[in-house]
Amino acid sequence: MFKANQPNPYDDIVAKATDENLTGENWEVILNLCDKVQEEGEQGARNVIAALLKRLAHRSPNVQLYALSLGESLSKNCGIDLHRELASRAFTGALEKLIVDRTTHEKVRRRALGLIAMWTAEFEHDPTLGIMESCYNNLKAKSYQFETPSEPAPPSVDDEARRREEEELQRALEISMRDKGGRSTYAPTASAGSSGAAAKHASGYVPARSPSPKAPAYAANNYHSNTKTTSTSGYSATSGGVSAIAASSTSSLPSQVSAPVVTRVRALHTFEPTEPGELAFEKGEVIKVVDRGYKDWWRGQLKGRTGIFPVNYVEPLPEPTAAELAREAEQEAAVFAQAANVDRLLSMLRNLDASRDNLADNEEIQELYRSCMALRPKIVKLIDKYNQKRADLVSMNESFVKARTIFDRIMEDSLARHTASKQESCLLLLDLLIFCSV
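**Some remarks on the overall build of the protein**
Along its length, the protein carries 15 helices and seven strands. For the protein, the residues scored as buried account for 34% of the 438 residues in total.

**Considering the packing of aromatic side chains**
Scanning all chains against the criterion turns up six aromatic pairs. Their ring planes at 70 degrees and their centres at 6.1 Å tell us that Phe271 and Trp297 sit as a pair that is edge-to-face. Residue Phe271 is found in the loop between strand E3 (264-267) and strand E4 (286-291), and its partner Trp297 is found in strand E5 (residues 297-302); the two are separated by 26 residues along the sequence. Taking 5.3 Å as the distance between ring centres and 75 degrees as the angle between the ring planes, the aromatic pair formed by Phe271 and Tyr313 counts as edge-to-face.

**What to know about the sheet that holds E3**
The pairing of strands in a sheet comes from backbone hydrogen bonds and takes either a parallel or an antiparallel form. Taken in spatial order, the five strands line up as E6-E5-E4-E3-E7 in an open sheet, and their pairing is antiparallel. What marks the edges here is a single partner per strand, and that holds for strand E6 (305-310) and strand E7 (314-316). The mean inter-strand angle of the sheet, taken between neighbouring strand axes irrespective of direction, is 45 degrees. Bridging between E5 and E6 involves six bridges; their strand directions are antiparallel. Its bridge partner lying in E6, Arg299 is registered against Ile308. Packed onto the sheet, helix H15 (residues 376-437) meets E4, E5 and E6 and runs at close to 105 degrees relative to E5.

**What about the confidence of the model for the protein?**
In the predicted model, the protein carries a mean pLDDT of 74, and 73% of its residues have values of at least 70. When the criterion is pLDDT under 50, residues 148-154 qualifies, and its contacts beyond four places in sequence or with other chains add up to 10 contacts. Throughout residues 179-258 the model reports pLDDT below 50, and contacts reaching past four residues in sequence, or to other chains, amount to 133 contacts.

**Regarding the packing of helix H5 (residues 89-100) against helix H6 (residues 106-123)**
One way to put it is that H5 packs onto H6 with a least axis distance of 9 Å and a crossing angle of 145 degrees. Taken as a pair, H5 and H6 cross one another with a handedness that is left-handed. Along its contact with H5, which presents Phe91, Leu95, Leu98 and Ile99, the element H6 presents Val108, Arg109, Ala112, Leu113, Ile116 and Trp119. For the contact of H5 with H6, the residue count by class is nine nonpolar, no polar and one charged.

**Remarks on the packing of helix H3 (residues 61-77) against H6**
Packing of H3 against H6 leaves a shortest axis separation of 10 Å and a crossing angle of 15 degrees. Between H3 and H6, the interaxial angle falls into the category roughly parallel. Both H3 and H6 take part in a crossing whose hand is left-handed. Of the residues in H6, those in contact with Pro61, Gln64, Leu65, Leu68, Ser69, Gly71, Glu72, Ser75 and Lys76 of H3 are Lys107, Val108, Arg111, Ala112, Leu115, Met118, Trp119 and Glu122.

**Side note on the nonpolar core**
One finds Val37, Val48, Leu74, Leu82, Ile116 and Trp119 to be the most contacted residues of the largest nonpolar core, which totals 43 residues. Broken down by element, this core gets its largest block of residues, 12 residues, from helix H2 (residues 27-56). If we ignore the near neighbours within four places in the chain, the residues touching Ile116 are Leu95, Ile99, Met132, Cys135, Tyr136, Leu139 and Phe146. Val262, Val265, Phe271 and Phe281 belong to the second-largest nonpolar core, a separate cluster that totals 15 residues.

**So, the pairing of E4**
Sheet topology note: the E3/E4 ladder contains three bridges and is antiparallel. Counted as the bridge partner of Val265 is Ile287 from E4. Relative to E5, E4 runs antiparallel, the two sharing three bridges. Across the sheet, Asp291 pairs through a bridge with Arg299, a residue of E5. Count of turn residues in the E4/E5 antiparallel hairpin: five residues.

**Structural notes on H2**
Between its first and last C-alpha, H2 extends only 19 Å over 30 residues, short of the 44 Å set by a 1.5 Å rise per residue. The largest bend along H2 measures about 135 degrees and falls at Gly41.

**Some remarks on a nonpolar patch on the surface**
Judged by side-chain polarity, Leu429, Leu432, Leu433 and Phe435 come together as a nonpolar surface patch covering roughly 460 Å² of accessible area. With respect to the helices and strands, the residue Leu429 is situated in helix H15.

**Here we look at the pattern of salt bridges**
For the structure on display, the rule yields 14 salt bridges. Here Lys54 and Asp11 are joined by a salt bridge, their closest N and O atoms 2.8 Å apart. You can see Lys54 sitting in helix H2 and its partner Asp11 sitting in helix H1 (residues 11-17), a full 43 residues away along the chain.

**Focus on the environment of Arg110**
With respect to the element layout, Arg110 can be found in helix H6. C-alpha separation for the pair Arg110 and Tyr144, spaced 34 residues apart in sequence, amounts to 9.6 Å.

**What about unusual backbone geometry?**
In this model, Ser143 sits at a positive phi of 70 degrees, which is unusual for a non-glycine residue. With respect to the helices, strands and loops of the structure, Ser143 is situated in the loop between helix H7 (130-141) and helix H8 (159-180).

**Quick word on the state of the cysteines**
The tally for this structure, following the rule as stated, stands at zero disulfides. Distance from the sulfur of Cys34, which forms no disulfide, to the nearest cysteine sulfur (Cys78) is 4.6 Å. Given a relative accessible area of 3%, Cys34 falls into the buried group.

**Digging into the environment of Tyr10**
Mapped onto the fold, Tyr10 is located in the segment before H1. With 23 residues separating them along the chain, Tyr10 and Leu33 place their C-alpha atoms 8.7 Å apart. If near-sequence neighbours (up to four positions away) are discounted, Tyr10 is found in contact with Leu33, Lys36, Val37, Glu40, Gly44, Asn47, Val48 and Ala51. Among the polar contacts listed, one links the side chain of Tyr10 to the side chain of Glu40, at a separation of 3.0 Å.

Reading the values: the criteria
Residues numbered from 1 in each chain as written. Predicted model: local features only at pLDDT ≥ 70, side-chain atom pairs only at ≥ 80, totals over all residues. Heavy atoms only, no water. Helix = DSSP H or I, 4+ residues; strand = E, 2+ residues; numbered from the N terminus. Buried < 20%, exposed > 50% of the residue type's maximum accessible area, 1.4 Å probe, protein only. Phe/Tyr/Trp six-rings, centres within 6.5 Å; stacked < 30°, edge-to-face > 60°. Pairing = 2+ DSSP bridges. Axes fitted to C-alpha atoms, helices over the stretch in contact; angles between N-to-C directions. Contact = heavy atoms within 4.5 Å. pLDDT = per-residue confidence, 0-100. Left-handed = near helix turned anticlockwise from the far one by under 90°. Nonpolar A, V, L, I, M, F, W, Y, C, P; charged D, E, K, R; others polar. Parallel < 35°, antiparallel > 145°, perpendicular 65-115°, else oblique. Core = buried A, V, L, I, M, F, W, Y, C linked by side-chain atoms within 4.5 Å. Expected span 1.5 Å × (residues − 1). Bend = angle between axes of the 7 residues up to and from the residue. Patch = residues over 30% accessible without salt bridge, like charges linked within 9 Å, V, L, I, M, F, W, Y side chains within 5 Å. Areas by Shrake-Rupley, 256 points an atom, 1.4 Å probe, with all protein chains shown as cover. Salt bridge = Lys/Arg side-chain N within 4 Å of Asp/Glu carboxyl O. Disulfide = S-S within 2.5 Å. Polar contact = N/O pair within 3.5 Å; in protein donor to acceptor, adjacent residues only side chain to side chain.

Below is the structure:
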């Protein structure tokens, strides 16, 4: 593909995006890379996949994982030229080799299998991309499992239990009417409850309903409810949804209205998406909530990615107080204040003559080294924090660019229509004047 004296122009930028020392995806580099591939078309797609193949052959699991994530980002942000390169024999062969290699890390293997399954589903309607499906079938014939999250079967609900739930809901609605002086606030919930019995499935469970915009039904018990994802909409259904709403309504109606808005959540479990548009995250990661329009699935942002996620996989994080923000700022300042000690340690080590000086006897250097080592976890934590902030800013900038493009297009259309209308009016007036003068 490339001559000996003509290196791949994408090698450096792909290596930067998949560096094994990264603490998270470098979304600024990834997005710039996607733009570059889009601009260069077929040649750019061929070059970037060639560079990506080199990184997949790297022996570091971190590099391989970042390379797979980069491949996913390219597939979602680039067009058919990139898809053809992904579905080429060279790339699918590299994926298959990576999976069957016994030395491959299990997490890398699962990630590669998941991407193959995802690409096979996305490419199934294009016969020119059928090589990806062949790769999928080959691996399936070798007994490799394309894992999907296991979900418990929906519990059965008998008629008596359902009747009690309906009665509890009606009582809760009566209380809400007395407290609020009408049904306006809770009317959407009432209509959902009345239709819940008719909308039940054969197994007896009642689908979850989206909450009223005026009265969010967010509660802590939502995070631990057993969910079942429906096959049609991708959203989940909870057993006992009617009783959950009734219980929350009867317990403290005013507290629902004045409940604090959740803007951040922490992952209690790792979530692997099974449908396009879902947001993947690892246990312990903090997700920014951008939409709470559904009771069991919210929309969030993480590391430049946006998607929906199940509410019962996360827990809410309270907004930091002024004292906590001040303490965090002090801790950051303390870390940056230690930069001089790190520089001093590096300078002393460079000036040390290993042939004459005994490092084991130098207490000053050893003490300085120990104090610097204590900074390492704090530095990594700050890197993760500002990587997330940078990803959020990149995502915000993307949204702004899209909004500006739409605004400019609509403004141009509006001005063009206004100008054309004004010209037409002037012509009509001129014709009228000519006719009157005659």
